Amino acid sequence: MKKDYSLQGLNTMGFNVIAKYFCEVNSLDDMKKLIDDKTFKESKKLFLGGGSNILFTDEYFDGIVIYSNLKGIKISESQQSTDKEFPQFLNSSTPEFLTVRCMSGEVWKDFVDFTVSNNLYGLENLVDIPGSVGAAPVQNIGAYGSEVKDCITKVYTIDIESGEERVFENEECEFAYRNSIFKKEENKKYFIYAIDFRLKRNAELKLEYGNIKDYLSKKNIKSPTLSDVASAIKTIRAEKLPEVGVVGSVGSFFQNPIVDVDKYQSIKETYPEVPSYPNDNGVKIPAGWLIDKSGWKGYRENHVGVWDKQALVLVHYGGGRPEEILNLMTKIQESVKEKFGIEIKLEVNLV
Ligand code: EPU
């Protein structure tokens, strides 16, 4: 357990937040020992993955940060386990689906690259999302028409109050758009240590979202492979989103709001081009479009601003303080509310 530990490299916004205590978990035994520790018991606790969807509201975190460094990827069912040596198992007699167990401290984008390079389908649209594997189910990460919930079968946790293990089946996780049971305050006691993903061995690609098809046809790719799709999405992302480690951000700062059909129609009268995605609860309108139309795209104020290629992303250019982002956030929310009468909610978690 380290004291007064800088989290600057552990939050992609890049604020120099100091944690009173910091603990790296390298094994399940470490975690179990930690649970009995007096300081641990008495402190406020925060699980930190890649710090890519979290905004510290203060430069001091008066508690203990628990960082999973648990590593390992295994085929967990019907196959002999192996560490990162899949190809020798992937022969013609391997079943159509494979369950792959990944420990929570693996880096998400490396894990996705690994599945793609082993010809396992399911996670390819989620390439290059920053963060750890353990964080993926918490907000049910999603991009380009896929959500991680569609591949997760089990989430393995330890209840840090009782020390007991609990396995959540997919249906128990209450997955929804950028949401799950793990986001609820009373469930913040579950330390996620591993996840089972059910991946497909036969081709099944999702190309419907946004400009994936345009990109592939521009490149003259008629029958895209798994790795064609993964690299297309990597390129599309890189064109829109700031590079992690270069400009501070947390990806989407706000969620895309769902409005009722009347509201959507009234916006469409003034802006016939409004992008929209109808769903069971109404019509989803991209928050990035609403913020863009409210005039914020490319705006900069001292150390913070709105990314000039995607208005949903608030950025920190370095040397700033969390309150600068919080002020900008409030101004944007007020301005969208005033212009469109829509409240945009946070996608990022405030701590
Ligand atoms: N748009 C604008 N101006 C902008 C930004 C967007 O007009 O400044 C328009 C675009 O032209 C497009 C629409 O809004 O018609 C949607 O934009 P985009 O495809 O970039 O996606 P998004 O809805 O803004 C969501 C996710 C992203 C994910 C992308 C791609 C949320 C909150 N965000 O963004 O997720 O990468 O789709 O699937 O659902 C994240 O969660 O951190 C994240 C980056």
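None of the values given here were measured: they were computed from a predicted structure.

Within the secondary structure layout, Asp159 lies in strand E10 (residues 152–159). At 2.8 Å, the side chain of Asp159 forms a polar contact with the backbone nitrogen of Glu161. Ignoring sequence-local partners within four residues, the contact set of Asp159 consists of Ile35, Glu164, Lys189 and Tyr190.

Quick look at the sheet that holds strand E16 (residues 282–284) now. Spatial strand order, E14-E16-E15: three strands in an open sheet with antiparallel pairing. Either end of the sheet is taken by a strand with one partner, and the two such strands are strand E14 (258–259) and strand E15 (277–279).

How two aromatic rings sit relative to each other is set out by the distance from centre to centre and by the angle between their planes. For the structure shown, the criterion picks out 17 aromatic pairs. Its guanidinium or amino end placed over the ring of Phe40, Lys45 lies 5.1 Å from that ring's centre, counting from NZ or CZ. Over the ring of Phe97 we find Arg198; its NZ or CZ atom is 3.6 Å from the centre of that ring.

Right, let's get into the site of the ligand. Contacts to the ligand come from 23 residues, most closely from Tyr144, Tyr177, Ser252, Asp292 and Gln310. The backbone of Tyr144 places a nitrogen or oxygen atom 2.5 Å from an oxygen atom of the ligand. Between the ligand and the protein, one listed contact pairs an oxygen atom with a backbone N or O atom of Ser252 at 2.8 Å. Counting residues per element, the shell around the ligand draws most heavily on helix H7 (residues 287–293), which supplies three residues. Partitioning the shell around the ligand into residue classes produces 11 nonpolar, six polar and six charged.

Taken as a whole and assessed by the stated rule, the structure comprises 23 salt bridges. Its salt-bridge partner being Lys32, residue Glu165 comes within 3.1 Å of it at the nearest N-O pair. With Glu165 in strand E11 (residues 165–169) and Lys32 in helix H1 (residues 28–35), the pair connects residues that are 133 residues apart, well separated along the chain. The partly exposed category is assigned to Glu165, whose relative accessible area is 42%. Residue Glu323 pairs with Arg321 through a salt bridge whose shortest N-O separation is 3.4 Å. A relative accessible area of 41% places Glu323 in the partly exposed class.

Each assigned domain of the chain is listed here: domain 1 (2–68), domain 2 (73–200) and domain 3 (248–350). The gap between the C-alpha centroids of domain 2 and domain 3 is 29 Å. Contact with domain 2, which involves four residues of that partner, is made by five residues of domain 3. For the pair domain 2 and domain 3, the summed buried surface comes to about 470 Å²; carbon and sulfur atoms form 35% of the total. Of all residues in domain 2, Tyr177, Arg178 and Lys183 give up the largest surface area on contact with domain 3, accounting jointly for 87% of the area buried on that side. With its nearest N and O atoms 2.9 Å apart, the salt bridge here joins Glu347 to Arg178. Applying the counting criterion to the domain 2 and domain 3 interface returns two residue pairs in polar contact (both at pLDDT 80 or more). Residues belonging to the side of domain 2 that touches domain 3 are distributed by class as follows: one nonpolar, one polar and two charged.

Thresholds applied
- Residues numbered from 1 in each chain as written.
- Predicted model: local features only at pLDDT ≥ 70, side-chain atom pairs only at ≥ 80, totals over all residues.
- Heavy atoms only, no water.
- Helix = DSSP H or I, 4+ residues; strand = E, 2+ residues; numbered from the N terminus.
- Polar contact = N/O pair within 3.5 Å; in protein donor to acceptor, adjacent residues only side chain to side chain.
- Contact = heavy atoms within 4.5 Å.
- Pairing = 2+ DSSP bridges.
- Phe/Tyr/Trp six-rings, centres within 6.5 Å; stacked < 30°, edge-to-face > 60°.
- Lys NZ or Arg CZ within 6 Å of the ring centre and 35° of its normal.
- Near = heavy atom within 4 Å.
- Nonpolar A, V, L, I, M, F, W, Y, C, P; charged D, E, K, R; others polar.
- Salt bridge = Lys/Arg side-chain N within 4 Å of Asp/Glu carboxyl O.
- Buried < 20%, exposed > 50% of the residue type's maximum accessible area, 1.4 Å probe, protein only.
- Domains from an automatic or database assignment.
- Buried area = accessible area lost by both parts, 1.4 Å probe.

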